[in-house]
Amino acid sequence: MGKKRVMVPVEKLDLSAVKYEKEVIQAPHLAGFLFKLFVGILEMPVVGTFVVSILKKQNKIEELLLNTVIPEAPMFKPEFLPQEEEPVVSALDEDGKPEDRVDIALKCLPHYDPIAHVEAGPSSPFRYWKIRDYAHAYRSRRVTPSTVAEQVISVIQEFNHKKPSAPLLISFDPEEVMKQAAASTRRFEEGSPLSILDGIFIAIKDDIDCYPHPTKGASTWMHEVRSVEKDADSVARLRRCGVILVGKANMHELGMGTTGNNPNYGTTRNPHAPDRYTGGSSSGPAAIVASGICSAALGTDGGGSIRIPSSLCGVVGLKTTYGRTSMKGSLCDSGTVEIIGPIASSVEDIMLVYAAILGSTPEDKISLKPAPPCLPILSSDDNLNILGSLRLGKYSPWFNDVYSTDISEKSEDILQLLTKTHGCEIVEVVVPELLEMRTAHLVAIGSEFLASMNPDIEDGNGKRLTYDSRTSSALFRSFTASDYVAAQCLRRRIMHHHMEIFKKIDVIVTPTTGMTAPLIPPSAHKYGETDMPVTGYLMRFIIAANLIGLPAISVPIGYDKQGLPIGLQLIGRPWGEATILRLASAIEELCGNPKKPMSFYDVLTS
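Computed from a predicted structure; not experimentally measured.

The rules we used
- Residues numbered from 1 in each chain as written.
- Predicted model: local features only at pLDDT ≥ 70, side-chain atom pairs only at ≥ 80, totals over all residues.
- Heavy atoms only, no water.
- Helix = DSSP H or I, 4+ residues; strand = E, 2+ residues; numbered from the N terminus.
- Rg over C-alpha atoms; globule rule 2.2 N^0.38 Å.
- Buried < 20%, exposed > 50% of the residue type's maximum accessible area, 1.4 Å probe, protein only.
- Contact = heavy atoms within 4.5 Å.
- Areas by Shrake-Rupley, 256 points an atom, 1.4 Å probe, with all protein chains shown as cover.
- Lys, Arg positive; Asp, Glu negative; His and termini not counted.
- Charge placed at Lys NZ, Arg CZ, Asp CG, Glu CD.
- UniProt positions renumbered as here; feature names shortened; annotations may be inferred.
- Disulfide = S-S within 2.5 Å.
- Patch = residues over 30% accessible without salt bridge, like charges linked within 9 Å, V, L, I, M, F, W, Y side chains within 5 Å.
- Salt bridge = Lys/Arg side-chain N within 4 Å of Asp/Glu carboxyl O.
- Pairing = 2+ DSSP bridges.
- Axes fitted to C-alpha atoms, helices over the stretch in contact; angles between N-to-C directions.
- Polar contact = N/O pair within 3.5 Å; in protein donor to acceptor, adjacent residues only side chain to side chain.
- Parallel < 35°, antiparallel > 145°, perpendicular 65-115°, else oblique.
- Left-handed = near helix turned anticlockwise from the far one by under 90°.
- Nonpolar A, V, L, I, M, F, W, Y, C, P; charged D, E, K, R; others polar.

Turning our eyes to something else, we now look at the overall build of the protein chain. Across its full length, the protein chain carries 23 helices and 19 strands. Against the 2.2 N^0.38 benchmark of 25 Å for 606 residues, the protein chain shows a C-alpha radius of gyration of 23 Å, consistent with a compact globule. Taking the principal axes of its C-alpha atoms as reference, the protein chain extends roughly 75 × 50 × 50 Å. Per-residue burial for the protein chain yields a buried fraction of 63% across its 606 residues. Contacts in the protein chain between residues far apart in sequence, at least 24 positions, make up 80% of those at least 6 positions apart. Of the accessible surface of the protein chain, which amounts to about 22800 Å², a share of 55% is contributed by carbon and sulfur atoms. Taking the 62 positively charged and 71 negatively charged side chains of the protein chain as two groups, their mean positions are separated by 3 Å.

Laid out in structure tokens, this is it:
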């Protein structure tokens, strides 16, 4: 037995005595046949239990849960204190029409000059087409949604026939896409588009319902046990705005991984470097946006699954406050750490899509008491004054704990640029109990995954999962009821720490990931791989937003020496989406134009 560890009550913790502990993950890196063999051992009744127990001891999981006295009561889902109103914002009616919210979001954006955008010459520096560029092109009759649909379909079919297989979409119906595009084209001909999002192409991650497509979660069997009869709430809201839904985007099976590896359908490749991962689990959504094929995509984020691939692919990804968007109609609709959120190539496009999809469920309104959703008025003269008053929290030992110093140096450069250009104040903070936070998140998401999947896994489908999903399941199955309760007690402590930090600052700033896009080992294509140290680097900074439900955004800030994208993460107060969107927009402007990905398709003007 390990020695009993007693935590001091959270309000008595002496922050000056907190020492940063580097995360050291003890687990083998396996791929190919050896990985298959390892999973076989893990699933053996006695031997597997023994192996899992050793791995948990080596990684202090038992020490932090079983052998620790935690004085706080459990917090089984995020509980938020009332927050101050954000300044210079437009409020949105979450119970109103999505198209009305999108219209308000449009008015929040800076002035749009089509001559500087759609009509720019071929010698202009690379930039992604924005939603307003498509809208202008449609309204000026330069192109129609139908002609763009033909381009999109051609590119997606090209991806679907690649060898080795690396599909962006795993459910795709060209006829359905052309039908939606024809309806949008007619609306433009009649002068009655539904919103600025009419005719905009958006992909939906394969764990969110989008009728008539099946929802497989990128597994080989989920659609056999779960039928789709209508759109998820978020997808229905997009459809009301005239969005063209292109299909179901590839992902890490059932969201249980951070790389995007998928032996079932083929692994989506990073548009900046085809020999590297996109990051996961929203791999297809990030890649399809970074490739220029879709203006935006919907992903889910229970452990960085929007922010990690957005960072690795050089696009923007928003993780909303827990409960800000409805999870109804998704595979993870009963969890306490997941949200549905947008991925896009720019902050302004994130704002437009976010405005369309937001809206809490009646249950979340009762338990979470959400503040009214707001967007920053970027067109206001007061916007710069608000930026100048922001205090940015940085925990330096954590901030600098990265695989490559390119990441921390580039992130630091942006902070200095924000100070110099806008007068933002950088405040040194301490974020205690990071190891406890990671452990609590692992137990929470793992236990909730098993609770939702158990009936189907026990029905024989568990053996049809990929080997890394089976590895995760073996670990999750070892968690006990007391582990789960201990994790929720830790959740209350972590919430207290962050609410104390937010008394001194407005936004916590970190790199999004501790490493840029990892290489895809050739041996990982057939059976997948397990590489927990890589997972540790990819998840290093993202856990708080999931465990305690805070809003966070990843915004691209440049590239490492290998030309791979780097993302900066902004974590806000509960319901504080407007503040992080305002700061993300300022960062985007400071960073200038992005680099054109190796895999990029101009579907608007080609």
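What follows picks up the thread again.
A few words on the UniProt feature "domain: Amidase" (unreviewed entry) in the protein chain. Sites flagged by UniProt as "domain: Amidase" (unreviewed entry) map to residues 168-581. Measuring from the first to the last C-alpha atom of residues 168-581 gives 27 Å, for a span that is 40% helix and 17% strand.

Every α-helical turn comprises 3.6 residues, leaving residues that sit three or four positions apart pointing alike. With eight of eight residues buried, helix 10 (residues 283-290) lies mostly within the body of the structure. Taken residue by residue, helix 10 has Ser 283, Gly 284, Pro 285, Ala 286, Ala 287, Ile 288, Val 289 and Ala 290 as its buried positions. Gly 292 sits one or two positions beyond helix 10 and adopts a positive phi of about 85°.

Once that is clear, we can look at the state of the cysteines. On inspection of all chains with the given rule, the structure shows zero disulfides. Here Cys 424 stays unpaired: no disulfide links it, and the sulfur of Cys 591, its closest cysteine neighbor, is 13 Å away. Residue class for Cys 424 comes out buried when judged on its relative accessible area of 2%.

The next point concerns a nonpolar patch on the surface. Where nonpolar side chains cluster on the molecular surface, the patch consists of Phe 33, Leu 34 and Leu 37 and spans about 330 Å² of accessible area. On the basis of relative accessible area, Leu 37 is assigned to the partly exposed category, the value being 44%.

Read from one edge of the open sheet, eleven strands run 5-7-6-10-12-11-18-19-16-14-15, paired in mixed fashion. The open sheet terminates on both sides in strands that have one partner only, identified here as strand 5 (169-171) and strand 15 (425-428). Strand-to-strand twist of the sheet, defined as the mean angle between neighbouring strand axes without regard to direction, takes the value 35°. On top of the sheet, helix 7 (residues 174-189) reaches strand 6 (201-205) and strand 7 (244-249); it is set at about 155° to strand 7, its chief contact. Contacting strand 6, strand 10 (296-301), strand 11 (316-319), strand 12 (339-344) and strand 18 (552-559), helix 12 (residues 347-357) crosses the sheet at an angle of about 145° to strand 12.

A separate point is the pairing of strand 16 (residues 507-511). In terms of residue burial, strand 16 counts as a mostly covered element, since five of its five residues are buried. In the sheet, strand 14 (residues 391-394) pairs with strand 16 via two bridges, with the strands oriented parallel. Looking at strand 16, one finds that Gly 393 is bridged to Ile 508. By the bridge criterion, five bridges tie strand 16 to strand 19 (residues 565-572) in an arrangement that is antiparallel. Bridging from a neighbouring strand, Thr 510 pairs with Gln 569 of strand 19.

The subject of this paragraph is the environment of Thr 147. Note on placement: Thr 147 falls in helix 6 (residues 145-160). Residues Thr 147 and Thr 185, 38 residues apart in the sequence, show an inter-C-alpha distance of 9.2 Å. In this structure the side chain of Thr 147 is engaged in a polar contact, spanning 2.8 Å, whose partner is the backbone oxygen of Thr 144.

Bringing the packing of helix 6 against helix 7 into the picture now. The geometry of helix 6 relative to helix 7 is characterised by a closest axis approach of 8 Å and an angle of 160° between their N-to-C directions. It follows from the interaxial angle that helix 6 and helix 7 lie roughly antiparallel. Relative to helix 7, the crossing made by helix 6 is right-handed. For the pair helix 6 and helix 7, contact is made by Pro 145, Ser 146, Ala 149, Glu 150, Ile 153 and Gln 157 and by Pro 174, Val 177, Met 178, Ala 181, Ala 182, Ser 184, Thr 185 and Phe 188, respectively. Across the contact of helix 6 with helix 7, the residue classes break down as nine nonpolar, four polar and one charged.

Our next topic: the pairing of strand 10. With six of six residues buried, strand 10 is to be regarded as a mostly interior element. Residues Ala 296, Leu 298 and Thr 300 of strand 10 are buried on one face, and the alternating residues Ala 297, Gly 299 and Asp 301, pointing to the opposite face, are buried as well. Bridging between strand 6 and strand 10 involves three bridges; their strand directions are parallel. Residue Ile 204 lies in a different strand from strand 10, and its bridge partner there is Leu 298. As paired elements, strand 10 and strand 12 share six bridges and run antiparallel to each other. Looking across to strand 12, one finds that Leu 298 is bridged to Pro 342.

The omega angle of the peptide bond from Tyr 211 to Pro 212 is 10°, so this bond is cis rather than trans. The peptide bond linking Gly 280 to Ser 281 adopts the cis configuration, its omega dihedral lying at 10°. Within the fold, Ser 281 resides in the loop between strand 9 (273-277) and helix 10. Located in the positive-phi region is Val 88, a residue other than glycine, with phi close to 50°. Counting through the fold element by element, Val 88 comes out in the loop between strand 3 (68-69) and strand 4 (89-91). The backbone of Ala 218 sits at a positive phi, close to 60°, despite the residue not being glycine. Of note, Ala 218 is situated in the loop between strand 6 and helix 8 (222-225).

Turning to the pattern of salt bridges, a few remarks are in order. Within the structure shown, the criterion is met by 33 salt bridges. Among the ionic pairs, Lys 107 bridges to Asp 103, the shortest N-O distance being 2.7 Å. You can see Lys 107 and its partner Asp 103 sitting in helix 4 (residues 98-108), four residues apart, about one turn around the helix. Given a relative accessible area of 37%, Asp 103 falls into the partly exposed group. With a shortest N-O distance of 2.6 Å, Asp 406 and Lys 561 are connected by a salt bridge. With Asp 406 in helix 16 (residues 405-422) and Lys 561 in the loop between strand 18 and strand 19, this residue pair connects regions lying 155 residues apart in the sequence. Shared partners join several salt bridges into a network, and the residues in it are Lys 22, Glu 23, Asp 401, Arg 438 and Arg 540.

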